[in-house]
Amino acid sequence: GQTLDTAWAVRWLRASAAVIAENRVALIELDRAIGDGDHGENMDRGFTAILEKLDGEQPATPGAAFKLAAMTLMSKVGGAAGPLYGTAFLRAGTAVGDAAELDSATLVAALTAARDGVVARGKAEVGDKTMIDAWTPAVDAAAAAAASGEDPAAVLAAAASAAEAGAESTDPLIAHKGRASYLAERAIGHRDPGAVSSALLLRAGAQAAEV
Ligand code: ADP
Ligand code: MG
Ligand code: MG
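Residues numbered from 1 in each chain as written. Chains lettered and ligands numbered in written order. Predicted model: local features only at pLDDT ≥ 70, side-chain atom pairs only at ≥ 80, totals over all residues.

Some remarks on the overall build of the protein chain
Logical step 1: Counting secondary structure elements, the protein chain contains 9 helices and 2 strands.
Logical step 2: From first element to last, N terminus to C terminus, the protein chain shows the α and β order β-α-α-α-α-α-β-α-α-α-α.
Logical step 3: The globule rule puts the C-alpha radius of gyration for 211 residues at 17 Å, and the 16 Å found for the protein chain is close to it.
Logical step 4: Each of the three principal axes of the protein chain carries a C-alpha extent, and together these read 45 × 40 × 30 Å.
Logical step 5: With 211 residues in all, the protein chain has 55% of them scored as buried.
Logical step 6: Taking contacts inside the protein chain between residues at least 6 apart in sequence as the whole, the part at least 24 apart equals 69%. (Helix = DSSP H or I, 4+ residues; strand = E, 2+ residues; numbered from the N terminus. Rg over C-alpha atoms; globule rule 2.2 N^0.38 Å. Buried ≥ 20, exposed ≤ 12 C-beta atoms within 10 Å, placed from the backbone. Contact = placed C-beta atoms within 7 Å.)

Shown next, in the form of structure tokens:
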């Protein structure tokens, strides 16, 4: 895999914008089933704004790229997801500091900090049918991969696979946080949109580390 340097971080953000745009309608449909139908639109607005920012400024480090993403998501994306993803990227940026590239341990620290930021803000636990059902397995898989000596690209790929499985695991759940919690049993059988978008973002990061 590739070095997780600033160029990777920028590739990740650009690839995220592309995959969110591709999945805009799918995310809207997931959120229409158990929320208010705006998740795809919210995410697409935020990542389109990130692309515009990246056209105007070149971040100096991966941490600066994460902070650029955080500020943009916080200012452009309303609802639950904007502050949650904004906090995730901000905490990740702080965790990596001014490192020029991320080794496996630093990557795990960044993913952990991102997840912890979402939990600090939204108070969700695994099983509440939120993006945490993607993030926590992703963090656990990343930590296990790093502990067994995998390189950063492989650690990220492990995180993405676990996030995808985690998103699928939300299907049979009743939601305990967010708008879907108002539906009680009627949320059963539907996948959580934020868990799906989280998996898409992590997969984009892993793919940006492969090329
Ligand atoms: P809104 O619900 O305000 O319309 P979005 O539709 O953009 O916001 O985002 C909804 C997603 O946010 C949900 O699918 C869920 O994954 C996530 N979410 C909502 N509340 C929480 C929370 N308290 N903790 C973690 N994630 C949450
Ligand atoms: Mg919504
Ligand atoms: Mg909304």
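What about the packing of helix α5 (residues 81–96) against helix α6 (residues 104–122)?
Logical step 1: Running from N to C, α5 and α6 cross one another at 145°; their axes reach a closest spacing of 7 Å. Relative to α6, α5 is oriented so that their crossing is right-handed. Only T106, A109, A110, A113, A114, D116, G117, V118, R121 and G122 of α6 make contact with α5, whose side of the interface consists of P83, L84, T87, A88, F89, L90, R91, A92, T94, A95 and V96.
Logical step 2: Counted by class, the contact of α5 with α6 contains 13 nonpolar, 5 polar and 3 charged residues. (Axes fitted to C-alpha atoms, helices over the stretch in contact; angles between N-to-C directions. Left-handed = near helix turned anticlockwise from the far one by under 90°. Nonpolar A, V, L, I, M, F, W, Y, C, P; charged D, E, K, R; others polar.)

With respect to the packing of helix α7 (residues 132–147) against helix α8 (residues 152–168)
Logical step 1: Running from N to C, α7 and α8 point in directions that differ by 150°, and their axes come no closer than 7 Å. By the angle between their directions, the pair α7 and α8 is classed as roughly antiparallel. In the packing of α7 onto α8, the handedness of the crossing is right-handed. Contact residues: α7 offers D133, A134, W135, P137, A138, D140, A141, A142, A145 and A146, while α8 offers A154, V155, A158, A159, S161, A162, A163, A165, G166 and A167.
Logical step 2: Within the contact of α7 with α8, the residues separate by chemical class into 16 nonpolar, 2 polar and 2 charged. (Parallel < 35°, antiparallel > 145°, perpendicular 65-115°, else oblique.)

Focus on the environment of A64
Logical step 1: As for its position among the elements, A64 is in helix α4 (residues 62–76).
Logical step 2: Residues A64 and A113 lie 49 residues apart in sequence; the distance between their C-alpha atoms is 16 Å.

Quick notes on the UniProt feature "domain: DhaL" (unreviewed entry) in the protein chain
Logical step 1: Per the UniProt entry, the sites bearing "domain: DhaL" (unreviewed entry) are residues 7–207 in this numbering.
Logical step 2: In residues 7–207, helix accounts for 71% and strand for 1%; the two terminal C-alpha atoms are 13 Å from one another. (UniProt positions renumbered as here; feature names shortened; annotations may be inferred.)

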